[in-house]
Amino acid sequence: MKSSLLLCVALAVSLGFVLVAGYPWDSGDQEYVLVNNKCQCVTVTSKFVPSKENPGEEILERNIRILVPLKARENISDPMSPLRTTFVYRMTELCKKCDPVEIELDGEIYQAQQSTSCDEPETCYTYNRDKCYTTTFPFLYRGETKNVQAVLTPASCYAS
């Protein structure tokens with residue numbers, strides 16, 4: 001699928017959000033990946049850089065990289081659905097962490113998650129390579145039409 005790099009979103013918007021834990025982008029650089037959302041093709045990184053006004057002071061710089069799939073469909077599992085013309089990115093949704101973690105409080109272990117909106121389905125603009133996508137289509141065989149299920153992402157649907 002062809003992708004095009006969209007201009008970076010204004011950093012001023014992202015500076016108001018709380019820094020979340022990340023991992024280094026490159027071992028020689030102190031740039032950390034905060035979000036790597038393959039479903040919406042977004043990567044958000046941050047690093048401390050010297051301030052232009054006061055070189056002795058470091059400020060947090062955020063970089064937002066968005067790849068826009070040019071031939072994305074409204075329903076990615078339906079090749080006949082219309083092309084998607086609207087792409088919406090919300091930092092609060094991109095940064096949510098729904099995987100439960102175990103925490104200990106007063107000697108007891110609890111499971112907690114960092115977001116309260118994890119039950120809502122995520123809108124994907126391209127295939128998540130870790131998820132199996134299928135579609136049903138009419139197949140004409142010997143004069144009889146049957147609805148056949150086809151796999152759209154074979155690598156994730158069939159175990160090797």
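Everything quoted here is computed from the prediction, not taken from an experiment.

A.B. asks: Looking at this structure, I do not really get the packing of aromatic side chains. What am I missing?
C.D. replies: The description of an aromatic ring pair uses the distance of the two centres, along with the angle that the planes make with each other. As enumerated under the stated definition, the model contains 4 aromatic pairs in all. Look at Y89 and Y125: their rings are 5.5 Å apart centre to centre, the planes differ by 75°, and that puts the pair in the edge-to-face class. Taken together, the residues span a long stretch of sequence, with Y89 in the loop between β5 (58-69) and α2 (91-94) and Y125 in the loop between β7 (108-112) and β8 (134-141) at a distance of 36 residues. The interplanar angle of 10° and the centroid separation of 6.4 Å between the aromatic rings of F139 and Y141 together place this pair among those described as stacked. By relative accessible area, which is 44% here, Y141 ends up partly exposed. In this structure an aromatic cluster arises from ring pairing among F87, Y89 and Y125.

A.B. asks: What is the right way to look at the pairing of β8 in this model?
C.D. replies: A regular strand places its side chains so that they alternate between the two faces of the sheet. Across 8 bridges, the pairing between β8 and strand β9 (residues 144-151) is antiparallel. Bridged to F139 within β9 is K146. In this structure, the hairpin formed by β8 and β9 is closed by a connection of 2 residues, where R142 is found at a positive phi of approximately 55°.

A.B. asks: Help me understand a nonpolar patch on the surface, please; the structure alone is not making it clear to me.
C.D. replies: On the surface, V101, I103, L105 and Y110 cluster together into a nonpolar patch covering about 340 Å² of accessible area. When residues of the nonpolar patch are assigned to their parent elements, the largest contribution, 3 residues, is made by strand β6 (residues 101-105).

What counts, and at which threshold
Every residue gets a number counted from 1 within its own chain, in the order that chain's sequence is written. Residues qualify for local features only when their pLDDT is at least 70, as the model is predicted, and side-chain atom pairs are given and counted only at 80 or more; totals for whole chains, interfaces and linings, by contrast, use all residues. Side-chain descriptors were evaluated using all non-hydrogen atoms of the structure, hydrogens and water having been removed beforehand. Classification of ring pairs uses Phe, Tyr and Trp, with its six-membered ring standing for Trp, and accepts pairs whose centres are within 6.5 Å; under 30 degrees between planes counts as stacked, over 60 as edge-to-face, and the remaining range as tilted. Helix numbering and strand numbering both begin at the N terminus, where a helix is a DSSP run of H or I of at least 4 residues and a strand a DSSP run of E of at least 2. For each residue, the accessible area found with a 1.4 Å probe, counting protein chains only, is set against the maximum for its type, and the residue is called buried under 20%, exposed over 50%, and partly exposed in between. Whether two strands pair depends on DSSP finding at least two bridges between them. Like-charged residues within 9 Å of one another, or nonpolar side chains (Val, Leu, Ile, Met, Phe, Trp, Tyr) within 5 Å, are grouped into patches, provided each residue has over 30% relative accessible area and no salt bridge. Note on areas: Shrake-Rupley with a 1.4 Å probe; residue coverage comes only from the protein chains shown. The salt bridge definition used is simple: a Lys or Arg side-chain nitrogen within 4 Å of an Asp or Glu carboxyl oxygen.

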